[in-house]
Amino acid sequence: MSRIGRMPIAVPAGVTVDIAENNKVTVKGPKGTLERVLPSEMTIKKEGEEIIVTRPSDLKKMKSLHGLTRTLINNMVVGVTDGYTKELEVNGVGYRASKSGNKLTLNLGYSHPVEMIDPEGIESTVDGNKIIVKGIDKEKVGQYAAEIRDKRRPEPYKGKGIKYADEVIRRKVGKTGKK
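Residues numbered from 1 in each chain as written. Predicted model: local features only at pLDDT ≥ 70, side-chain atom pairs only at ≥ 80, totals over all residues. Heavy atoms only, no water.

**Overview of the packing of aromatic side chains**
In total, this model carries zero aromatic pairs according to the counting rule given. Note that K86 overlies the ring of Y164, its terminal NZ or CZ placed 5.1 Å from the centroid. For R152, the ring lying beneath its charged end belongs to Y110, and the centroid distance is 4.4 Å. (Phe/Tyr/Trp six-rings, centres within 6.5 Å; stacked < 30°, edge-to-face > 60°. Lys NZ or Arg CZ within 6 Å of the ring centre and 35° of its normal.)

See the structure below:
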(Lines give C-alpha, C1' and ligand atoms only; values in the text may rest on other atoms or scores of the structure.)
Protein backbone atom coordinates (compact mmCIF):
# COMPACT_ATOMS: atom_id res chain seq x y z
CA MET A 1 0.00 0.00 0.00
CA SER A 2 1.08 3.55 -0.63
CA ARG A 3 1.75 4.96 2.83
CA ILE A 4 1.64 8.52 1.57
CA GLY A 5 -1.42 7.98 -0.64
CA ARG A 6 -3.48 6.58 2.23
CA MET A 7 -2.90 9.54 4.54
CA PRO A 8 -5.86 11.94 4.67
CA ILE A 9 -5.26 15.61 3.85
CA ALA A 10 -6.50 17.94 6.60
CA VAL A 11 -8.20 21.06 5.22
CA PRO A 12 -7.49 24.01 7.54
CA ALA A 13 -10.10 26.67 8.34
CA GLY A 14 -10.41 29.35 5.65
CA VAL A 15 -9.56 26.93 2.82
CA THR A 16 -12.15 25.62 0.39
CA VAL A 17 -11.53 22.63 -1.87
CA ASP A 18 -13.80 22.00 -4.88
CA ILE A 19 -13.62 18.75 -6.83
CA ALA A 20 -15.20 19.03 -10.30
CA GLU A 21 -15.57 16.33 -12.96
CA ASN A 22 -12.40 14.84 -14.51
CA ASN A 23 -10.73 15.39 -11.10
CA LYS A 24 -10.30 19.13 -11.57
CA VAL A 25 -9.38 20.29 -8.07
CA THR A 26 -9.63 23.98 -7.11
CA VAL A 27 -8.16 25.09 -3.78
CA LYS A 28 -9.01 28.59 -2.49
CA GLY A 29 -7.26 30.04 0.54
CA PRO A 30 -6.10 33.26 2.18
CA LYS A 31 -3.10 33.59 -0.17
CA GLY A 32 -4.88 32.84 -3.45
CA THR A 33 -6.39 30.15 -5.66
CA LEU A 34 -4.74 27.14 -7.29
CA GLU A 35 -6.32 24.68 -9.68
CA ARG A 36 -5.06 21.51 -11.27
CA VAL A 37 -6.39 18.56 -13.23
CA LEU A 38 -5.29 15.36 -11.50
CA PRO A 39 -5.17 11.80 -12.90
CA SER A 40 -8.75 10.71 -13.65
CA GLU A 41 -8.17 7.14 -12.41
CA MET A 42 -7.92 8.31 -8.79
CA THR A 43 -11.03 8.86 -6.66
CA ILE A 44 -10.86 12.09 -4.66
CA LYS A 45 -13.49 12.45 -1.93
CA LYS A 46 -14.09 15.20 0.62
CA GLU A 47 -15.20 13.81 3.96
CA GLY A 48 -15.85 16.56 6.50
CA GLU A 49 -12.62 18.51 6.95
CA GLU A 50 -10.48 15.88 5.19
CA ILE A 51 -9.72 14.85 1.64
CA ILE A 52 -9.15 11.18 0.91
CA VAL A 53 -7.55 9.81 -2.27
CA THR A 54 -8.24 6.18 -3.21
CA ARG A 55 -6.99 4.09 -6.10
CA PRO A 56 -8.99 1.61 -8.19
CA SER A 57 -6.50 -1.27 -8.31
CA ASP A 58 -3.03 -2.38 -7.22
CA LEU A 59 -1.35 -2.02 -10.61
CA LYS A 60 2.12 -0.47 -10.51
CA LYS A 61 0.92 2.64 -12.36
CA MET A 62 -2.01 3.14 -9.98
CA LYS A 63 0.24 2.76 -6.93
CA SER A 64 2.61 5.43 -8.19
CA LEU A 65 -0.23 7.81 -9.14
CA HIS A 66 -1.83 7.35 -5.70
CA GLY A 67 0.99 8.95 -3.72
CA LEU A 68 1.58 11.59 -6.40
CA THR A 69 -2.06 12.71 -6.44
CA ARG A 70 -2.22 13.00 -2.66
CA THR A 71 1.04 14.97 -2.51
CA LEU A 72 -0.05 17.37 -5.28
CA ILE A 73 -3.30 18.17 -3.45
CA ASN A 74 -1.43 18.58 -0.15
CA ASN A 75 1.08 20.97 -1.81
CA MET A 76 -1.84 23.06 -3.12
CA VAL A 77 -3.40 23.26 0.37
CA VAL A 78 -0.08 24.22 1.99
CA GLY A 79 0.57 26.74 -0.81
CA VAL A 80 -2.66 28.71 -0.32
CA THR A 81 -2.24 28.76 3.48
CA ASP A 82 1.51 29.30 4.06
CA GLY A 83 3.05 29.69 0.60
CA TYR A 84 6.50 28.48 -0.43
CA THR A 85 9.91 30.15 -0.33
CA LYS A 86 13.29 29.28 -1.81
CA GLU A 87 16.41 31.11 -0.74
CA LEU A 88 19.46 31.52 -2.98
CA GLU A 89 22.88 33.00 -2.18
CA VAL A 90 25.10 34.93 -4.59
CA ASN A 91 28.78 34.28 -3.81
CA GLY A 92 31.78 35.73 -5.63
CA VAL A 93 33.76 38.95 -5.95
CA GLY A 94 31.73 41.48 -7.94
CA TYR A 95 28.71 39.17 -8.19
CA ARG A 96 25.58 41.15 -7.29
CA ALA A 97 21.82 40.93 -7.48
CA SER A 98 19.44 43.90 -7.53
CA LYS A 99 15.70 44.32 -7.91
CA SER A 100 13.66 47.07 -9.54
CA GLY A 101 9.93 46.56 -9.98
CA ASN A 102 9.45 42.97 -11.12
CA LYS A 103 12.87 42.82 -12.82
CA LEU A 104 15.75 40.94 -11.18
CA THR A 105 19.17 42.10 -12.41
CA LEU A 106 22.16 39.83 -11.85
CA ASN A 107 25.81 40.88 -12.31
CA LEU A 108 27.62 37.56 -12.57
CA GLY A 109 30.94 38.37 -14.20
CA TYR A 110 29.58 38.28 -17.75
CA SER A 111 30.12 41.24 -20.08
CA HIS A 112 26.46 42.17 -19.59
CA PRO A 113 24.00 42.12 -16.68
CA VAL A 114 21.50 39.25 -16.76
CA GLU A 115 17.90 40.45 -16.42
CA MET A 116 15.01 38.21 -15.38
CA ILE A 117 11.35 39.16 -15.05
CA ASP A 118 9.35 37.49 -12.26
CA PRO A 119 6.71 35.10 -13.64
CA GLU A 120 3.15 35.89 -12.57
CA GLY A 121 2.29 34.64 -9.11
CA ILE A 122 5.97 34.58 -8.12
CA GLU A 123 7.72 37.35 -6.19
CA SER A 124 11.46 37.64 -5.68
CA THR A 125 13.23 39.93 -3.22
CA VAL A 126 16.92 40.76 -2.81
CA ASP A 127 18.47 41.13 0.63
CA GLY A 128 22.22 41.74 0.42
CA ASN A 129 23.65 38.65 -1.28
CA LYS A 130 20.44 36.64 -0.81
CA ILE A 131 17.63 36.21 -3.33
CA ILE A 132 14.31 35.02 -1.85
CA VAL A 133 11.70 33.57 -4.22
CA LYS A 134 8.13 33.42 -2.85
CA GLY A 135 4.84 32.11 -4.21
CA ILE A 136 1.89 29.80 -3.63
CA ASP A 137 2.68 27.23 -6.33
CA LYS A 138 5.52 24.96 -5.17
CA GLU A 139 6.35 23.88 -8.72
CA LYS A 140 6.68 27.44 -10.08
CA VAL A 141 8.73 28.64 -7.09
CA GLY A 142 11.18 25.76 -7.52
CA GLN A 143 11.36 26.24 -11.29
CA TYR A 144 12.09 29.98 -11.08
CA ALA A 145 14.70 29.42 -8.36
CA ALA A 146 16.37 26.78 -10.56
CA GLU A 147 16.37 29.17 -13.54
CA ILE A 148 18.07 31.87 -11.44
CA ARG A 149 20.67 29.35 -10.22
CA ASP A 150 21.32 28.21 -13.81
CA LYS A 151 22.56 31.70 -14.77
CA ARG A 152 25.80 30.93 -12.89
CA ARG A 153 26.04 27.60 -11.09
CA PRO A 154 28.45 27.30 -8.15
CA GLU A 155 31.89 26.04 -9.14
CA PRO A 156 33.84 23.59 -6.95
CA TYR A 157 37.16 25.46 -6.61
CA LYS A 158 36.23 28.80 -5.06
CA GLY A 159 32.50 28.26 -4.57
CA LYS A 160 31.59 31.25 -6.76
CA GLY A 161 28.13 31.40 -8.30
CA ILE A 162 24.50 31.19 -7.20
CA LYS A 163 23.61 28.38 -4.82
CA TYR A 164 20.60 27.41 -2.74
CA ALA A 165 20.92 28.51 0.90
CA ASP A 166 20.83 24.88 2.10
CA GLU A 167 23.03 23.50 -0.69
CA VAL A 168 26.47 22.14 0.15
CA ILE A 169 29.13 22.58 -2.53
CA ARG A 170 31.72 19.82 -2.67
CA ARG A 171 35.00 21.67 -2.86
CA LYS A 172 38.01 20.51 -4.86
CA VAL A 173 41.67 21.26 -4.30
CA GLY A 174 43.23 23.44 -6.99
CA LYS A 175 46.36 22.53 -8.90
CA THR A 176 49.73 22.79 -7.19
CA GLY A 177 52.93 24.20 -8.68
CA LYS A 178 56.01 22.18 -9.78
CA LYS A 179 58.93 21.74 -7.39
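Moving on from the model shown.
**Looking at the sheet that holds strand β5 (residues 43–47)**
Spatially, the three strands line up as an open sheet ordered β1-β6-β5, and their pairing is antiparallel. Strands at the two margins of the open sheet, each flanked by one partner only, are β1 (9–10) and β5. The pairing of β1 with strand β6 (residues 50–54) spans two bridges and is classified as antiparallel. Each residue of the ladder has a partner; that of I9, found in β6, is I51. In this fold helix α2 (residues 60–81) packs onto β1, β5 and β6, with an angle of close to 160 degrees to the strand it touches most, β6. (Pairing = 2+ DSSP bridges. Helix = DSSP H or I, 4+ residues; strand = E, 2+ residues; numbered from the N terminus. Contact = heavy atoms within 4.5 Å. Axes fitted to C-alpha atoms, helices over the stretch in contact; angles between N-to-C directions.)

**Regarding helix α3 (residues 138–150)**
Here α3 contains 13 residues, and its C-alpha end-to-end distance of 18 Å stays within 8% of the 18 Å for a straight helix at 1.5 Å per residue. Every buried residue belonging to α3 is among V141, Y144, A145, I148 and R149, and all of these are buried. Buried residues of α3, viewed axially, fall in a sector of 140 degrees; they line one side. Summarising the contacts, the buried residues of α3 are in contact with β7 (84–91), β9 (103–107), β10 (114–117), β11 (122–127), β12 (130–135) and β13 (161–164). Where α3 starts, the residue carrying a side-chain oxygen 3.1 Å from the main-chain nitrogen of E139 turns out to be D137. (Expected span 1.5 Å × (residues − 1). Buried < 20%, exposed > 50% of the residue type's maximum accessible area, 1.4 Å probe, protein only. Arc of directions from axis to C-beta. Polar contact = N/O pair within 3.5 Å; in protein donor to acceptor, adjacent residues only side chain to side chain.)

**Here's the deal with the sheet that holds β7**
Taken in spatial order, the four strands make up an open sheet running β11-β12-β7-β13, and their pairing is antiparallel. Strand pairing shows two members of the sheet lacking a second neighbour, β11 and β13, which therefore form its edges. Strand-to-strand twist in this sheet, taken as the mean axis angle between neighbours without regard to direction, amounts to 25 degrees. Looking at chain direction, β7 and β13 are connected through four bridges and run antiparallel. Following the sheet pairing, L88 is matched in β13 by Y164.

**Remarks on the nonpolar core**
In this structure, V17, V25, V27, I44, I51 and I73 are the most contacted members of the largest nonpolar core, which totals 20 residues. Of all the elements in the fold, those that place two or more residues in this core are β3 (24–29), β6 and α2. When residues in this core are grouped by element, the largest group, seven residues, is from α2. Counting 19 residues, the second largest nonpolar core, distinct from the first, contains A97, V114, M116 and I148. (Core = buried A, V, L, I, M, F, W, Y, C linked by side-chain atoms within 4.5 Å.)

**Section: unusual backbone geometry**
A positive phi angle, close to 60 degrees, is found at N22, a residue other than glycine. By the element assignment, N22 lies in the loop between β2 (16–20) and β3. Unlike most non-glycine residues, N23 shows phi in positive territory, near 55 degrees. Positionally, N23 belongs in the loop between β2 and β3.

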